[in-house]
Amino acid sequence: MNFLQKARISWLALALTLALPVLPAHAAAGPSVEAEAAVSQPSIWAMEDVAYTRLHQLAAEGLFADYQAPATVDELNAAGLSLRQKLAERAVPATEAVYGHGETPAAALSGAAATRQDAAVVLYAAIRNSLPQAAPATGKTALYPELDALAGDTAEAVRYVADHGILKGKQDGSLNLADPLTREQLLSLTYRTYEFVLQESNTASKGLVWKVTGGQSPVYLLGSIHIGDISIYPLDNLIRQAYEGSSYLAVEADVTQDAEGIQYMSEKAVFSDGSTLDKHVSAETYKLFAEKMEQAGIGEDVYQILKPWYAALLLQNLSLTEASYSANLGLDIYFLSEAAKVQKPVLQVEGIKFQVDMFDSFDAGLQEEFLLETLKATEEQAGDETGGQNGADGAANAQAQLMQSLLHYWSTGNAEEFGKLIARSNEAEAGASEFNRIFWDERNNNMFRTVEKYLADSAGNSYFVVVGAGHLFGDTGVLKELEKAGYTIEQLLD
C-alpha cells in the first residue's frame with residue numbers, strides 16, 4: 001500500500017474538509033505582536049495584480065520594489081521571457097516567435113526606460129507565441145484616437161492588448177503610449193497577459209463546481225481545498241461568472257470576519273484549569289508530539305497547554321506549511337476576499353464555533369486517537385518517501401506529492417480521480433467509525449440540508465456555496481444526497 005492509500009483524515013481535515021483557522025502556536029498562549037519593517041508598496045489599483053505576479057513568479061524578485069520607478073527595456077524583456085516560460089509550464093501550446101519584433105521593442109536601447117507602447121509590443125509577442133491562432137482585435141480600440149498614428153506590427157500589438165483589456169486607457173481616452181512604463185505597470189500588465197492566455201487557451205483552473213437545480217433557486221456548489229498553493233489560480237471565467245451572478249456566498253466558516261469565533265477557538269484550544277497535554281494522552285503519544293513540536297521550534301511551555309484535538313490540527317498545519325501550502329491560498333479565503341470587495345452577503349454553513357465545539361465534544365479517547373493518527377500518518381508518509389527512514393523532510397515531501405495530486409485533479413476538473421483519492425483515504429479510516437460518523441456523516445448531512453434550504457428559497461436568490469471537497473463525495477456525500485433527493489446536478493467544467 002503506497003502513501004496515497006495510507007492518507008488519513010488526520011491531514012484531509014485541514015485540506016479538504018475543515019475551514020477552521022489554525023492559529024499560530026503562540027496565539028493559543030496569548031497575543032504576540034511582531035514589528036515589520038516598512039516596505040515599498042504598489043498603488044492600490046495594482047496591488048492584486050502585483051501580488052499574483054509575485055506568487056506565480058512571473059518576474060524577477062528585484063522588480064518587486066520601487067514600484068513607481070521607470071522599468072528599463074532590459075527588465076521588460078526579462079519579464080516577457082519569464083512570462084513565456086511560465087506559460088509553457090502551464091502546458092499552454094507554444095510555437096516559435098511569430099511576431100515581427102520578437103521579444104524586443106523596436107529601436108530600444110539596452111538600459112533605456114521602456115514605454116507603455118514597448119510593453120504592448122513585448123506582451124503581444126508572448127500572446128502570439130502561446131496563441132498563434134488568436135483572433136484579431138475587434139475594433140473596440142477605436143476609442144483611442146492616438147492609435148491612428150501607429151502602423152504595421154506595432155499597431156497590431158497595441159490594438160490587440162488594448163482591445164482585450166490588458167493595456168487600459170485613461171478617462172480622457174488616451175493610452176499614454178509614450179509615457180514611461182513604471183515597474184508596477186509592468187508587473188500588472190504581465191499578470192493580465194498571463195491570465196488572458198490561460199483563459200483563452202482553456203488552461204485556467206476548471207475546479208470542482210456543480211450547478212444544482214430542481215428547486216426554486218439555483219445553487220452552485222464548489223468543492224473547496226481549504227489549504228492550497230498558487231497552482232490552482234487563476235480560476236476559469238465560468239467559475240467567476242457563477243460566483244459574481246450569485247446573490248449570496250455561503251462558506252463553511254467565515255474565517256475573515258468572525259472575530260468572536262476566532263477568539264472562542266483560542267480559548268477552547270487550551271486547558272484553562274491548569275491541566276496539561278501530557279495528563280490527557282499516553283506517554284508515547286506525548287513523546288511523539290513533543291518531538292514534532294521541538295523540531296518546529298515550538299517550546300514545551302506553549303504546546304503542553306494545548307488540548308489533543310487542537311494539537312492534531314496544529315501538527316497538520318505545520319506539515320502542510322512545510323510543504324509550502326497555505327490557508328491564505330485556499331479557496332475559502334479567495335472567495336471571502338472577493339466578497340469583501342463588493343460587500344456580497346456571506347452566509348456560514350457551520351461557523352467557527354460549530355467546528356470548535358465539534359472537536360471539543362470528542363471524549364478523551366477520541367481526541368487522543370485523532371492526535372495519534374495524525375502522528376502515525378506523518379511517520380508512515382515519511383517512511384514511504386525516504387525508504388523507511390522517517391524524518392520531517394520525508395513527511396513534507398509525501399504531503400506535497402499527495403497535495404499536488406489533489407490540486408492537479410481539482411485544477412483539471414477531474415472529479416472521478418479526485419473522488420477515488422478521497423475514497424481510498426476514507427477506506428484507510430474505516431476503523432475510526434465514531435470519528436467518521438461525527439466528522440463526515442453528520443456534517444455531510446448538515447451541509448446537504450443547508451443546500452436544500454437554499455434551493456427552496458422562493459425569493460429567487462442564487463447561492464454560491466463553498467464547502468470542503470471531501471464532503472461532496474462518497475455514499476454520504478452531499479452530491480449523492482442531492483441526487484437521491486431528486487435534484488439535478490451538473491458539473492460546470494470538466
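Just so it is clear, the model here is predicted, and its values are computed rather than measured. Residue positions within a chain follow its written sequence, with the count starting from 1. In keeping with the model being predicted, local features are shown solely for residues with a pLDDT of at least 70 and side-chain atom pairs are shown and tallied solely at 80 or more, while totals for entire chains, interfaces and linings include all residues. Values shown for side chains rest on all heavy atoms present in the structure; no hydrogens or waters enter the calculation.

The next thing to look at is the overall build of the protein chain. Helix and strand labels come from DSSP, where a helix needs a run of H or I of at least four residues and a strand needs a run of E of at least two; each type is numbered from the N terminus. When you go through the protein chain residue by residue, the secondary structure sums to 19 helices and six strands. A simple rule labels every residue: compare its accessible area, found with a 1.4 Å probe on the protein chains alone, to the largest value its type can have, and call it buried under 20%, exposed over 50%, or partly exposed in between. The proportion of buried residues among the 494 residues of the protein chain is 54%. Whether two residues are in contact is decided by their heavy atoms: any pair within 4.5 Å suffices. Taking all contacts inside the protein chain whose residues are at least 6 apart in sequence as the whole, residues at least 24 apart take part in 84%. Carbon and sulfur atoms form 49% of the exposed surface of the protein chain, whose accessible area is close to 21,000 Å². All accessible-area figures derive from a Shrake-Rupley calculation using a 1.4 Å probe, and residue coverage is judged against the displayed protein chains alone.

Moving on: unusual backbone geometry. Of note, the amide linkage connecting Tyr 233 to Pro 234 takes the cis form, showing an omega dihedral of 0°. Look at Asn 202: it is not a glycine, yet its phi comes out positive at around 60°. Mapped onto the fold, Asn 202 is located in the loop between helix H7 (183-200) and strand E1 (209-213). Taking relative accessible area as the criterion, Asn 202 reaches 43% and is therefore assigned partly exposed. Although it is not a glycine, Gln 343 adopts a positive phi angle of roughly 55°. You can see Gln 343 is positioned in the loop between helix H13 (331-342) and strand E4 (346-348).

A separate point is the confidence of the model for the protein chain. Of all residues in the protein chain, 82% have pLDDT values of 70 or greater, and the mean over the chain is 85. Known as pLDDT, the predictor's per-residue confidence is scaled from 0 to 100. Predicted confidence for residues 26-38 stays below pLDDT 50, and this span has seven contacts to residues more than four positions away or in other chains. Long-range and interchain partners of residues 381-391, a stretch whose pLDDT sits below 50, account for 22 contacts in this model, where long-range means more than four residues apart.

A word on the packing of aromatic side chains. Geometrically, a pair of aromatic rings is defined through the distance of the ring centres and the angle of the planes. Stacked, tilted and edge-to-face pairs are distinguished by plane angle, under 30 degrees for stacked and over 60 for edge-to-face with tilted covering the rest, among Phe, Tyr and Trp rings (Trp via its six-membered ring) whose centres lie within 6.5 Å. Using the criterion set out here, one finds 22 aromatic pairs in the structure. Taken together, a centroid distance of 5.7 Å and an interplanar angle of 85° make the contact between Trp 309 and Tyr 310 edge-to-face. The same class applies to Trp 309 and to Tyr 310, which are both buried. Ring geometry for Phe 439 and Trp 440: centres 6.1 Å apart, planes at 70°, overall edge-to-face. Residue classification places Phe 439 among the buried positions, given a relative accessible area of 0%. Given a relative accessible area of 5%, Trp 440 falls into the buried group. Ring-pair connections join several aromatic residues into one group, and the members of that group are Tyr 52, Tyr 191, Tyr 194, Tyr 233, Tyr 243, Tyr 334, Phe 335 and Phe 464. In this scheme, the term charge over a ring applies when either NZ of a lysine or CZ of an arginine sits within 6 Å of the ring centre and within 35 degrees of the ring normal. Lys 344 extends its terminal NZ or CZ atom over the ring of Tyr 243, reaching a point 4.8 Å from the ring centre.

A word on the packing of helix H5 (residues 116-130) against helix H6 (residues 152-163). Structural elements are reduced to axes, namely lines fitted to C-alpha atoms, with helices fitted over the stretch in contact, and the angle between N-to-C directions of any two is expressed from 0 to 180 degrees. Contact geometry of H5 with H6 gives a least axis separation of 8 Å together with a crossing angle of 80°. Between H5 and H6, the interaxial angle falls into the category roughly perpendicular. Residues Gln 117, Ala 120, Val 121, Tyr 124, Ile 127 and Arg 128 of H5 touch H6, and the partners they reach there are Thr 154, Glu 156, Ala 157, Val 158, Tyr 160 and Val 161. We call Asp, Glu, Lys and Arg charged. Ala, Val, Leu, Ile, Met, Phe, Trp, Tyr, Cys and Pro are nonpolar, and the rest, Gly among them, are polar. Its residues placed into classes, the contact of H5 with H6 shows eight nonpolar, two polar and two charged. Each angle gets one of four labels, with under 35 degrees taken as roughly parallel, over 145 as roughly antiparallel, 65 to 115 as roughly perpendicular, and the rest as oblique.

Strand pairing is assigned whenever DSSP identifies at least 2 bridges connecting the two strands. On the basis of which strands lie adjacent, the open sheet formed by six strands has the order E4-E3-E5-E2-E1-E6 and mixed pairing. The open sheet has two edge strands with one neighbour each: E4 and strand E6 (488-491). Between one strand axis and the next, the sheet turns through 25° on average, direction left out of account. Where E1 and E6 come together, four bridges link them in antiparallel fashion. Bridging from a neighbouring strand, Val 212 pairs with Ile 489 of E6. In the packing of H13 onto the sheet, contacts are made with strand E2 (219-224), strand E3 (248-251), E4 and strand E5 (463-468), and the angle to E2 comes to roughly 135°.

Viewed as axis vectors pointing N to C, helix H10 (residues 283-295) and helix H12 (residues 308-322) meet at an angle of 40°, and their least axial separation amounts to 11 Å. Comparing their axes, H12 and H10 come out oblique. Relative to H12, the crossing made by H10 is left-handed. Only Ala 311, Leu 314, Leu 315 and Leu 318 of H12 make contact with H10, whose side of the interface consists of Phe 289, Lys 292 and Met 293. The residue inventory of the contact of H10 with H12, partitioned by class, reads six nonpolar, no polar and one charged. Throughout, a crossing is termed right-handed when the near helix is turned clockwise from the far one, and left-handed when it is turned anticlockwise from it by less than a right angle.

Only one rule defines a salt bridge in this text: a Lys or Arg side-chain nitrogen within 4 Å of an Asp or Glu carboxyl oxygen. According to the stated counting rule, one finds 23 salt bridges in the structure shown. As a salt-bridge pair, Arg 128 and Glu 156 come within 3.6 Å of each other at their nearest N and O atoms. Here the residue Arg 128 occupies a position in helix H5, and Glu 156 occupies one in helix H6, the gap between them amounting to 28 residues. Assessed through its relative accessible area of 11%, Arg 128 is described here as buried. Residue classification places Glu 156 among the partly exposed positions, given a relative accessible area of 34%.

The subject of this paragraph is H10. A helix is expected to span 1.5 Å multiplied by its residue count minus one. The end-to-end C-alpha distance of H10, which contains 13 residues, comes to 18 Å, matching closely the 18 Å that a straight helix rising 1.5 Å per residue would cover. Turning to H10, its buried residues are Thr 285, Tyr 286, Phe 289, Ala 290, Lys 292 and Met 293. Across the axial projection of H10, the buried residues extend over an arc of 160°, all falling on one side. Facing away from the buried side of H10, by more than 90 degrees, are the exposed residues Ala 283, Glu 284, Lys 287 and Gln 295. Gly 297 occupies a position one or two residues after H10 and carries a positive phi of about 80°. Here the arc refers to the directions that run from the helix axis out to each C-beta atom.

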